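# Structural description and commentary
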Amino acid sequence: MELRQVRYFVVVAEELHFGRAAERLHIVQSAVSQQVRRLERELGTELFDRSPRHVRLTAAGARFLPAARELLAAEERARACITEFTGRAGRTLRLGTSAGLGAHLDRLLDAFAATAPDVTVELVSVPARQRTEMVAAGELDAAFVRGGMQTPGLEVLPVWHDPLVAVVPAAHPLAASPDVALAQLADLPLRLPPRRDIPALVDLVVTACHDAGFEPVPGPPSRALQDTLAAIGTGKPMWTVAYAAHADQLRTTRVAFLPFSGPGLRLPTGLAVRSEAVSPTLSLLVEACRAAAPGDDRLS
């Protein structure tokens, strides 16, 4: 049994969806499925009830989940013991990441390593609300948040804007255009996540549609970007949005990613930190984040 397999199992159990779990883990869905299958073979039982419509824990999976979480917590405690023993406390920075960071993440890690080579960055991928809760509890040193999210006791340090692009079927006439105006999408159903999941993104897009003079046609809710792209790729007229930095890393010929004409749509991204915990190391991280963003997208 590998800790990686246990970690993947726990994330799938929390999401009850292999696509969303893959997004949280920043790996492809097939890798998550493969490792969970290997874990099931080693344990000699199925942990999930899989069907085309849902993923649910089996009785064995529900029984295994608390023990799996305890195992991962024990790993964290073991790492903390060694960190304390070797005197390296403070040299590891735990950073909560967000889906869709794309090349921004690689660039900021390179920039941070150049200015703080003795600091190890540990990336932790969890949902937005959980990220801020972990920062407030001291379990993370900082976490990416979008859309000006505010949490009592936390300070959000601005770092960059995240531009959005429109996603349409590759077979749609608009796909051949260099960019697209929002009004050109007025007749197509719009697929967005439930507002409770990403309120800043949903509000930005819906408000922009209203400003462009139309009420967006609601499409099926978007639960996982991979699934939504697959659905749009079938050619059925519909659209959604994606972060431009993420779109640059997605490999699919079945959809087209189109910049918005005019001022475009952008969400501010910041680093949430505890108000009393802004340190020289975190200041270096903020500067690395700003350096990682293209000039027009930087915040200060």
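Overview of the structure.

What counts, and where the lines are drawn
- Residues numbered from 1 in each chain as written.
- Predicted model: local features only at pLDDT ≥ 70, side-chain atom pairs only at ≥ 80, totals over all residues.
- Heavy atoms only, no water.
- Phe/Tyr/Trp six-rings, centres within 6.5 Å; stacked < 30°, edge-to-face > 60°.
- Helix = DSSP H or I, 4+ residues; strand = E, 2+ residues; numbered from the N terminus.
- Buried < 20%, exposed > 50% of the residue type's maximum accessible area, 1.4 Å probe, protein only.
- Core = buried A, V, L, I, M, F, W, Y, C linked by side-chain atoms within 4.5 Å.
- Contact = heavy atoms within 4.5 Å.
- Arc of directions from axis to C-beta.
- Axes fitted to C-alpha atoms, helices over the stretch in contact; angles between N-to-C directions.
- Parallel < 35°, antiparallel > 145°, perpendicular 65-115°, else oblique.
- Left-handed = near helix turned anticlockwise from the far one by under 90°.
- Pairing = 2+ DSSP bridges.
- Right-handed = clockwise from strand over helix to strand, strands pointing away.

Before going further, it helps to examine the packing of aromatic side chains. Applying the stated criterion across every chain, the model contains four aromatic pairs. Seen in terms of ring centroids, Phe 9 and Phe 48 are 5.4 Å apart; in terms of plane orientation they differ by 50°. Their pairing is tilted. Placement of Phe 9 in helix α1 (residues 3-15) and of Phe 48 in strand β1 (residues 48-50) is noted, with a sequence separation of 39 residues between them. The pair formed by Phe 9 and Phe 48 is uniform in burial state, with each residue classed as buried.

To continue, consider the nonpolar core. As a rule of thumb, soluble globular proteins bury nonpolar side chains together. Ranked by size, the top nonpolar core spans 26 residues in total, and within it Leu 164, Leu 182, Leu 185, Val 205, Trp 239, Val 241 and Phe 260 carry the most contacts. Elements represented by at least two residues in this core include exactly β6 (154-169), α7 (199-211), β9 (240-243) and β10 (255-259). The leading source of residues in this core is α7, at five residues. If sequence neighbours within four positions are ignored, Val 241 has contacts with Leu 164, Val 165, Val 167, Leu 192, Leu 201, Val 205 and Phe 260. Counting residues in each nonpolar core, the second largest holds 22 residues, with Ala 116, Leu 285, Ala 292 and Ala 293 among its members.

Here the focus is helix α8 (residues 225-232). Of the residues making up α8, those classed as buried are Leu 225, Thr 228, Leu 229 and Ile 232. Each buried residue of α8 sits inside an arc of 100° when the element is viewed along its axis, so together they form one side. Looking at the buried residues of α8, the elements they touch are α2 (18-25), β6, β9, α9 (244-247) and β10.

Packing of α1 against α2 leaves a shortest axis separation of 8 Å and a crossing angle of 125°. For the element pair α1 / α2, the angle class is oblique. α1 and α2 meet at a crossing whose hand is right-handed. Facing Tyr 8, Val 11, Val 12, Glu 14 and Glu 15 of α1, the residues of α2 in contact are Phe 18, Arg 20, Ala 21, Arg 24 and Leu 25.

Within a regular strand, side chains alternate between the sheet's two faces. The buried fraction of strand β3 (residues 92-97) amounts to five of the six residues, a majority that puts the element mostly inside the structure. Inspection of the sheet shows β3 paired to strand β4 (residues 120-125) by six bridges, in the parallel sense. Residue Leu 95 lies in a different strand from β4, and its bridge partner there is Leu 123. For the handedness criterion, the β-α-β arrangement of β3, helix α5 (residues 103-115) and β4 is classed as right-handed. Summarising the sheet, β3 and strand β5 (residues 142-146) pair through two bridges and their orientation is parallel. When the sheet's bridge partners are listed, Gly 96 is paired in β5 with Ala 143.

The quantities given are spatial measurements derived from coordinates; they are silent on function.
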